[in-house]
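Single-letter residue listing:
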Amino acid sequence: MKKVLNPIFLLAIVTLLIASVFSSTSSVSASEKAGQVTEVDLKVMTYNLRYLNNNDPSPHTWAERVPAIKKLIRKEQPDIFGTQEVLYQQLKDLEANLNNYAWIGLGREGGSKGEYSAIFYNEKQFTPLVYDHFWLSDTPDVIGSKSWGNNIPRMVTWAKFLDKKSKESFYVVNTHFDHQSANAREKSAELIIEKINEFDPELPIILTGDFNTSPDSIPHQTLTSEEAFVDLWNTAEVRINENLGTFNGFNDPTGGGPEKRIDWVLAKGNVFTHKIEILNDYKNGQFPSDHYPVSADVTLSY
């Protein structure tokens, strides 16, 4: 007699076979996905905004410059930008004029006192996971400390950000080196190299700042030494305004020339730079700041 399979038994076998096929497909897909490279595209900027004071003549008072700064940032739309020299009132003014940006910072003399090296970020795109500050001195955890010949405290603000879309993380470090003491600048570069060793070595780091020294200086050499940072100005596919410096002093459209390229964007890790630019915006004799900002379009790879 010919044996006939029970329909229910047959259905169970078919179901198991289909499940096996889908399971195998899912395993392959997961494996392929695990091997894919994740990328995060960023526009990062560094910008010394010139501190609020009563000595800068028109049209370079802070009140007159705010609209120009607002216009520049809205035009460029950086995802993250490090600022230098800003006071608390300036931060509040920027906060009121820039949509979607939040900031991280602390006054260099503690609380809201003194200049900040604040980091602005697009809060729709990024979440700060952790952040902190340290002072450029022999006692970096002591607020307002200085010990290398600088008359005023200098500091670093850093943050670890989560990109909400890719779920990948990266660090941003922002600073302002001393303008008078060469020793302080050299020691500051050494301390930053030491401090980033505490970060997750698997994650990219972006370093922004006003370093108050030229690209052929000892601090630059220290920061771009082997296994440290690279200067994105040197690695970018495209460089715009190579003939300029970044310190215009409210009166020099050349920014002092390439030897005065004292504002840098550096990086460590898998960071590819598509374009970097010194933004020489000014109109009718008014400069938004006495420094030109530097903007870089980068891709972080994981």
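Everything here concerns the structure above.
Conventions we followed
Residues numbered from 1 in each chain as written. Predicted model: local features only at pLDDT ≥ 70, side-chain atom pairs only at ≥ 80, totals over all residues. Heavy atoms only, no water. Phe/Tyr/Trp six-rings, centres within 6.5 Å; stacked < 30°, edge-to-face > 60°. Helix = DSSP H or I, 4+ residues; strand = E, 2+ residues; numbered from the N terminus. Pairing = 2+ DSSP bridges. Buried < 20%, exposed > 50% of the residue type's maximum accessible area, 1.4 Å probe, protein only. Salt bridge = Lys/Arg side-chain N within 4 Å of Asp/Glu carboxyl O.

Trainee: Could you clarify how one ought to interpret the packing of aromatic side chains in this entry?
Mentor: Each aromatic ring pair is summarised here by two numbers: the centre-to-centre distance and the angle between the ring planes. Enumeration over the complete set of coordinates arrives at 15 aromatic pairs. With 6.5 Å between their ring centres and 70° between their planes, Tyr 88 and Trp 103 make a pair best called edge-to-face. You can see Tyr 88 sitting in helix α3 (residues 88-97) and its partner Trp 103 sitting in strand β3 (residues 101-104), a full 15 residues away along the chain. Ring centres of Phe 126 and Phe 170 lie 5.7 Å apart, and the angle between their planes is 90°; this geometry places the pair in the edge-to-face category. Of the two residues, Phe 126 is situated in strand β5 (residues 126-135) and Phe 170 in strand β7 (residues 169-176); the sequence distance between them amounts to 44 residues. What links up through ring pairs into an aromatic cluster is the set Tyr 121, Phe 126, Phe 161 and Phe 170.

Trainee: In this structure, what is going on with the sheet that holds β5? I would like to understand it.
Mentor: In sheet architecture, strand pairing relies on hydrogen bonds along the backbone and comes in two forms, parallel and antiparallel. Pairing in this open sheet of six strands is mixed, and the strands run β5-β6-β7-β8-β11-β9 from one edge to the other. Edge positions in the sheet fall to β5 and β9 (230-231), since each has one partner strand and no second. Pairing of strand β8 (residues 205-210) with strand β11 (residues 263-268), which is carried by six bridges, proceeds in the antiparallel orientation. Pairing of Ile 206 across the sheet is with Ala 267, part of β11.

Trainee: I'm lost on the environment of Asn 284 in this one. Help?
Mentor: Within the secondary structure, Asn 284 is located in the loop between β12 (271-278) and β13 (294-301). Classification of Asn 284 as exposed rests on a relative accessible area of 75%. The spacing of Asn 284 and Pro 59 is 225 residues in sequence and 9.3 Å in space, taken between C-alpha atoms.

Trainee: Help me out: how do you make sense of the pattern of salt bridges in this one?
Mentor: Pairing is possible between side chains that carry opposite charge, provided their charged atoms lie close to one another. Taken as a whole and assessed by the stated rule, the structure comprises 12 salt bridges. With a closest N to O distance of 3.5 Å, Lys 43 and Glu 76 form a salt bridge. One end of the pair, Lys 43, is in strand β1 (residues 39-48); the other, Glu 76, is in helix α2 (residues 62-76), with 33 residues separating them in the sequence. The exposure class assigned to Lys 43 is buried, which follows from its relative accessible area of 16%. Looking at Glu 76, the relative accessible area reads 13%, which means it is buried. The closest approach of N and O atoms between Arg 50 and Asp 56, which form a salt bridge, is 2.8 Å. By relative accessible area, Arg 50 is classed as buried at 18%. For Asp 56, a relative accessible area of 11% corresponds to the buried category. One network of salt bridges, with partners in common, ties together Lys 43, Lys 75, Glu 76 and Asp 281.

Shape is all these values report; function is a separate question.
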